[in-house]
Amino acid sequence: MFDLDRWQEILATIRQNKLRAFLTGFSVAWGILMLVVLMGSGEGLANGIQHQFRDDAVNSIWVRSGQTSIPHKGLQPGRTVRFTNEDHEVVARDIDGVEYITSRFYPRGELAVSYKGETGSYDIRSVHPDHQYLENTLVSKGRFLNDLDIAEYRKVAAIGERVKDGLFGDAPAVGEYININGIPFRVIGLFRDEGGESEEEKIYLPISTAQKAFAGGNRIRMFMLTTGEEELAKTEAMTEEIKQTLAQRHNYSPDDRRAVFINNLNEFFQRFVNLMAGIRIFVWIIGIGTILAGVVGVSNIMMIVVKERTKEIGVRKALGATPGSILGLVLQESVLITAVAGYVGLVLGVALLEAGGRVLPESEFFINPGIDLPLALAATALLVVAGTLAGTVPALRAARVQPVEALKDE
Amino acid sequence: MLRLEKVNKSYTVGQNRLHVLKGIDLEIDGGEMVSIMGPSGSGKSTLLNVLGILDRYDDGEYHLADTLIKGLSETRAAYYRNQLLGFVFQSFNLIPFKTALENVALPLYYQKVSRRKRNRIAMEYLDKVNLVDWAGHLPGELSGGQQQRVAIARSLITRPKVILADEPTGALDSQTSLEVIEILRAVNREGTTVVLVTHEHDISEMTDRVIHLLDGVIGHEQTNGGGPKPAVAGDGPEARAGGGD
Ligand SMILES: Nc1ncnc2c1ncn2[C@@H]1O[C@H](COP(=O)(O)OP(=O)(O)O)[C@@H](O)[C@H]1O
Ligand SMILES: [Mg+2]
């Protein structure tokens, strides 16, 4: 392999027919380029989808109340279903597999939020402490709500960084009191959110405090829970169980699809995971197909080369070339052409992706296209294998050339 | 040096078997210069190819330098060709994209001699055929006679025991032919056995012994005692214009 003379022999023969070597290489380079661009784009798409899920825990089930739409046990449709703290407790206690669970209660009407004369309008969510795991809330200063806040009806608030910026500017916020509809709440922490800026314009209050302070009684608007490491099938069973429990508690038909809305994000996520897997397989099939076409091209051209060089091979054999050395000559030429061309394709493909990532407009669904190093190395290894494969048949034919036949004067 | 005993060879063409060599018995001693003559199709090339281990024979025995050459693997055959034999062909068979020097050096490549060393040796052999000035030229830039001299230098570079030449002057004009034979004669004087196939009497007359092949059988042999006779210039039937140098 590292026989310098052999390489010089090969380079000499490639130089013999530059155009042909170029055309051969081109098909391989094109194949690899396609593979890289396709894989990179697939990656960008996957990143984009991942991005869509950045805000909420993907292993979660969301339950919202609605209005009944079909008659049930003599009751008319159109009744509003109202969840209460009890629903939360029953689900938390009776449904097996619940990891984190939180309810949400939204105080009615627009609430004015102010601090020392600065006022703003912010989204107020009153929740349980587990909420931070469901929304991927990242505490940046202080702390999030805890169980004592709930139990003792504390007037505390965790505020988003944008709320802090709006009300406090550069002044420290933690420990200060903000005013919500005339009621002072102590700021216990600041947070960022993967979900972006709008998620940082929120204020979280303990649900018990909010229900009391803003005339909520024991009502909750919705609750959501995570399912830990449970399998998809188990989470579907949990969804069904929740549906049955709530239907019974609120006296509506389990088949009523508008009384309660239950979203199992596990299912959505699984669907996207499957979609991504599908795209990856598709990309590989296309890419491998293109490379295979290149390989067949190389093989064909090497075949022609061998045929054209039959006489030369005969002469070499008469001068003492062994079948092995002829085999190596052709095989190595094939590997060289494929590897060099493939490498060029690889580099061009990566460059194209880079350029594309820079030139294309920002999109939520297409983020950071590119391929990683192991993949690039795998592709390179693939190329050497492909080159060997492409050269095998022609090389064997070359090795079998009979000197008498080759040297016959036409 | 070369010994054939009852060697038979036939080709199968479609349904028919063509018996080409019919029980050849032949012995050529080391240092001899022998020519093989005979009508076209009588089996001269086939015989030379068997001697050159370029082709197989069906039965009988062939000993080359006391080695039985029979049923060899291709790799083994390549080894003997490289070590013991040198070939000169009617159509020169130089590799067109290699310079004269690289062509001459090629057999040493298959002996794994380093590039530097084999190029140096190749230059010596080009000198022997008076072509040092043409070392860097491609075969296409040389006349027929020059190409054949390059081919002879190539056949000699491994210091083979036997040179086999199939109509080495077949594509050359008579003047050039004589020069080529003179070179082969000189090689032979240094001890190398030379076997050549030719149509031309003035060429065969310059060899020690002439073997007449007729329809796959050795007819008569004729010994030219007293070494080479003075060459008589004249156009042989096969002589073509190859361009003198
Ligand atoms: N590979 C082959 N297949 C079939 N027939 C062949 C082959 N090589 C030679 N022959 C036949 O064998 C005979 C002898 O050929 P050859 O040795 O080339 O004769 P010469 O060199 O004396 O002209 C011819 O009839 C030729 O047609
Ligand atoms: Mg012949």
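Residues numbered from 1 in each chain as written. Chains lettered and ligands numbered in written order. Predicted model: local features only at pLDDT ≥ 70, side-chain atom pairs only at ≥ 80, totals over all residues. Heavy atoms only, no water.

## Examining the side chain of Ser10(B)
All names here are of chain B. Checked against the element boundaries, Ser10 lands in strand E1 (residues 2-13). On the accessibility criterion, Ser10 (12% relative accessible area) is buried. Polar contacts involving the side chain of Ser10 include one to the side chain of Arg17, which spans 2.9 Å. (Helix = DSSP H or I, 4+ residues; strand = E, 2+ residues; numbered from the N terminus. Buried < 20%, exposed > 50% of the residue type's maximum accessible area, 1.4 Å probe, protein only. Polar contact = N/O pair within 3.5 Å; in protein donor to acceptor, adjacent residues only side chain to side chain.)

## What to know about the sheet that holds strand E7 (residues 162-166) of chain B
Residues and elements named next belong to chain B. Here we have 6 strands laid out as an open sheet, ordered E6-E7-E8-E3-E9-E10, and mixed in their pairing. If you trace the sheet from one side to the other, it starts and ends with strand E6 (85-88) and strand E10 (217-223), each paired once. Put simply, the sheet's adjacent strands are angled 20° from each other on average, direction ignored. As defined by bridge partners, strand E3 (residues 33-37) adjoins strand E9 (residues 209-214) across 4 bridges and the pair is classed as parallel. If you follow Ser35 over to E9, its bridge partner there is Val210. The strands that helix H2 (residues 74-84) touches are E6 and E7; relative to E6, the one it contacts most, it runs at about 80°. (Pairing = 2+ DSSP bridges. Axes fitted to C-alpha atoms, helices over the stretch in contact; angles between N-to-C directions. Contact = heavy atoms within 4.5 Å.)

## Quick look at the site of ligand 1
Taken together, 14 residues lie near ligand 1, and Gly41(B), Gly43(B), Lys44(B), Ser45(B) and Thr46(B) sit nearest. With respect to ligand 1, the chains having nearby residues are chains A and B. Taking Lys44(B), its main chain carries an N or O atom lying 2.8 Å from an oxygen atom of ligand 1. Within the contact set of ligand 1, an oxygen atom lies 2.7 Å away from a side-chain nitrogen or oxygen of Ser45(B). The fraction of the free accessible surface of ligand 1 (560 Å²) that becomes covered by protein chains is 69%. Every element with two or more residues in the shell around ligand 1 is listed here: E1, strand E2 (16-28) and helix H1 (44-51) of chain B. Considering each element in turn, the shell around ligand 1 owes the most residues, 3 residues, to H1(B). When grouped by side-chain class, the residues that make up the shell around ligand 1 number 5 nonpolar, 6 polar and 3 charged. (Near = heavy atom within 4 Å. Areas by Shrake-Rupley, 256 points an atom, 1.4 Å probe, with all protein chains shown as cover. Nonpolar A, V, L, I, M, F, W, Y, C, P; charged D, E, K, R; others polar.)

## Regarding the sheet that holds strand E4 (residues 59-64) of chain B
All names here are of chain B. Strand order in the open sheet formed by 4 strands is E2-E1-E4-E5, with antiparallel pairing between adjacent strands. Two strands bound the open sheet, and with one partner strand each, they are E2 and strand E5 (67-68). Looking at chain direction, E1 and E4 are connected through 5 bridges and run antiparallel. Paired with Glu5 across the two strands is Glu61, which belongs to E4. Helix-sheet contacts for H1 involve E1, E2 and E4, and the interaxial angle to E2 is about 60°.

## A word on the interface of chain B and chain A
Taken residue by residue, the interface counts 24 residues in chain B and 24 residues in chain A. Summed over both partners, the interface of chain B with chain A buries about 2,300 Å², with 58% contributed by carbon and sulfur atoms. The interface formed by chain B and chain A contains 0 salt bridges. At the surface where chain B touches chain A, the tally comes to 3 residue pairs in polar contact (both at pLDDT 80 or more). Listed by contribution, the elements that provide at least two residues to the side of chain B that touches chain A are H2, helix H3 (100-109) and helix H4 (115-128) of chain B. For the side of chain B that touches chain A, the element with the highest residue contribution is H2(B), accounting for 5 residues. (Buried area = accessible area lost by both parts, 1.4 Å probe. Salt bridge = Lys/Arg side-chain N within 4 Å of Asp/Glu carboxyl O.)

## Notes on the packing of H3(B) against helix H5 (residues 144-156) of chain B
Residue and element names in this part refer to chain B. Following both chains from N to C, one finds H3 and H5 inclined at 30°, their axes separated by 7 Å at the closest point. One element, H3, and the other, H5, form an angle in the roughly parallel class. The interaxial crossing formed by H3 with H5 has right-handed handedness. The segment H3 lies against H5, with Ala100, Asn103, Val104 and Pro107 engaging Val150, Ala153 and Arg154. When the residues that make up the contact of H3 with H5 are grouped by side-chain class, the tally is 5 nonpolar, 1 polar and 1 charged. (Parallel < 35°, antiparallel > 145°, perpendicular 65-115°, else oblique. Left-handed = near helix turned anticlockwise from the far one by under 90°.)

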